[in-house]
Amino acid sequence: MDAFSYRGGCLNCDDLPAAELASQVGTPCYVYSRAAIEQQYRTLTDAFAEADPLICYSVKANGNLAVLELLRGLGSGFDIVSGGELFRVRHIGADPSTVVFAGVGKTDREIREALDAGILMFNAESSSELAAINRVAADLGTTARVALRLNPDVDPQTHHYITTGKKENKFGIDFETAAGIVARITDYPHVRLVGYHGHIGSQVTDPKPHAESLGKLIEFANQCAPANSEIEYINIGGGFGIDYQPGQAVPPSAFAKLLVPVIREAGKKLILEPGRYIAGNSGILLTRVVHVKRSGGRRFIVCDAAMTDLIRPSLYDAYHAVWPVLSDAPFEENGCGPADVVGPVCESGDFLAKGRHLPDVQQGDLLAVFSAGAYGFAMSSNYNARTRAAEVLVDGDTYRVVRRRESYEDLIQQELP
Ligand code: LLP
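Residues numbered from 1 in each chain as written. Predicted model: local features only at pLDDT ≥ 70, side-chain atom pairs only at ≥ 80, totals over all residues. Heavy atoms only, no water.

A. Molecular detail of the sheet that holds strand β2 (residues 10–13). The three strands lie next to each other as β1-β2-β3, forming an open sheet whose pairing is antiparallel. The sheet terminates laterally at β1 (4–7) and β3 (16–17), the two strands that pair on one side only. In this structure, β2 lies alongside β3, joined through two bridges in antiparallel fashion. Bridge pairing in β3 links Asn 12 to Pro 17. (Pairing = 2+ DSSP bridges. Helix = DSSP H or I, 4+ residues; strand = E, 2+ residues; numbered from the N terminus.)

Now the structure itself:
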């Protein structure tokens, strides 16, 4: 199933013409497909079925409450990285025993809130954090379940900004240091070490680095058993890549083929934290052309969406396919002159696409920016006092605005005279 396809000269999201959505909701506007989210979730769970993993959807990819609710309904747990994300998953009534809490800088307040909520475990990233978890748990008269996040020093072959498991990255703990911590785990009597965690990076398109990391995690688990608890879980994080362009990614089954036999042999419970795989290609960003200008021998298509709506091109030089919503020839790049698709923000780094062969679009035309469901709205900002876009969830031939467009009043609401 392809949630976003051209029918009769117009891009559709499921059974709804995108042009209709744009005229009813306005632009810029994020459009998500319920069916696509569900299909991605099921494809992943089916691929790993033999290992019966706990899937903890990574809220940071797309934390809209409607998306979280939908995933909760499918049986997903959640991977969170802040008190704010905890608040979100509690708001939608997530089962706390399916929530894992990652991140290098958890504060005492966040630790307390998570313990109060009764989350499944923390993914702890330092001895300093273990001490804090131990202290807060003692205050509350409880014991905290913890997985130690290891840094396996594996290169996931992705953009350096989203590489997390190499030794120069701030994430996790190297094996030698971690072994020392495990040896002294009884120094933290309010901590019960139940797992090892190792997220190596994002948009990983080769399963081998994941397999290498899992192998290292299991070897560590075999060698470093805590004195007073059992290692039940191995959490390999997320990172499953998607097609921003055809043919980039491999299906989850290719990951599962390498990982499932190893985890079964080890007899541990597997946790996965997919974000992009679930949400990325389940969403697009709709934008309208405000002006077309030519200067310095270039064609600039100036849109009403900007880096404030989708920062990935500016931040990572990320490729997102862009194409007119009304088109008989989707992605027929031949014969179209190059253009830069830019936003109105006062930064030369404000672009959605560069040097693309796009048709001769006009002021008022609609463009779709594809693969925008993950790390799109989630990373948006109000820079240049821009109001954030609306978000819409399509279900078959109906839709629901799941976040209204921000107003000017919203922009100043928190400020004090
Ligand atoms: N687990 C942990 C501990 C993570 O740090 C992340 C992502 C995930 C799971 C989910 O990874 P995913 O399955 O989505 O690849 N803003 C960047 C991506 C940053 C990812 C940060 N951590 C982007 O737009 O590409």
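B. Region of interest: the nonpolar core. Core analysis: the largest hydrophobic core is formed by 119 residues, its most contacted members being Phe 48, Phe 78, Phe 122, Leu 148 and Tyr 196. Looking at this core element by element, the count peaks at six residues for helix α3 (residues 65–74). When neighbours within four sequence positions are excluded, Leu 148 is seen to be in contact with Ala 124, Leu 130, Ile 173, Ala 178, Ile 181, Val 182, Leu 193, Gly 195, Tyr 196 and His 197. Counting residues in hydrophobic clusters, the runner-up holds nine residues, among them Val 100, Ala 147, Tyr 233 and Ile 271. (Core = buried A, V, L, I, M, F, W, Y, C linked by side-chain atoms within 4.5 Å. Buried < 20%, exposed > 50% of the residue type's maximum accessible area, 1.4 Å probe, protein only. Contact = heavy atoms within 4.5 Å.)

C. Fine view of the site of the ligand. By nearness alone, 19 residues border the ligand, and Ser 202, Glu 273, Arg 312, Tyr 316 and Tyr 375 come closest of all. The backbone of Gly 275 places a nitrogen or oxygen atom 2.9 Å from an oxygen atom of the ligand. With respect to the ligand, the side chain of Tyr 375 contributes an N or O atom lying 2.6 Å from an oxygen atom. Here the ligand has 590 Å² of accessible area as a free molecule, and 92% of this is covered by the chains. Here the residues of the shell around the ligand sort into five nonpolar, eight polar and six charged. The residue makeup of the shell around the ligand includes at least three contributed by each of domain 1 (4–32 + 280–415) and domain 2 (34–279). (Near = heavy atom within 4 Å. Polar contact = N/O pair within 3.5 Å; in protein donor to acceptor, adjacent residues only side chain to side chain. Areas by Shrake-Rupley, 256 points an atom, 1.4 Å probe, with all protein chains shown as cover. Nonpolar A, V, L, I, M, F, W, Y, C, P; charged D, E, K, R; others polar. Domains from an automatic or database assignment.)

D. Broad picture of helix α9 (residues 252–266). Over its 15 residues, α9 extends 20 Å from the first C-alpha to the last, a length consistent with the 21 Å expected when each residue adds 1.5 Å. Taken together, the buried positions of α9 are occupied by Pro 252, Phe 255, Ala 256, Leu 259, Val 260 and Ile 263. Gly 267 lies just past α9 and shows a positive phi near 70 degrees. (Expected span 1.5 Å × (residues − 1).)

E. Geometry of the side chain of Ser 58. One can find Ser 58 in strand β5 (residues 54–58). Of note is the side chain of Ser 58, whose polar atom sits 3.0 Å from the side chain of Lys 60. For Ser 58, the residues in contact, after removing those within four places along its chain, are Asp 79, Glu 273, Pro 274 and Gly 275.

Worth remembering: the numbers are spatial, not functional.
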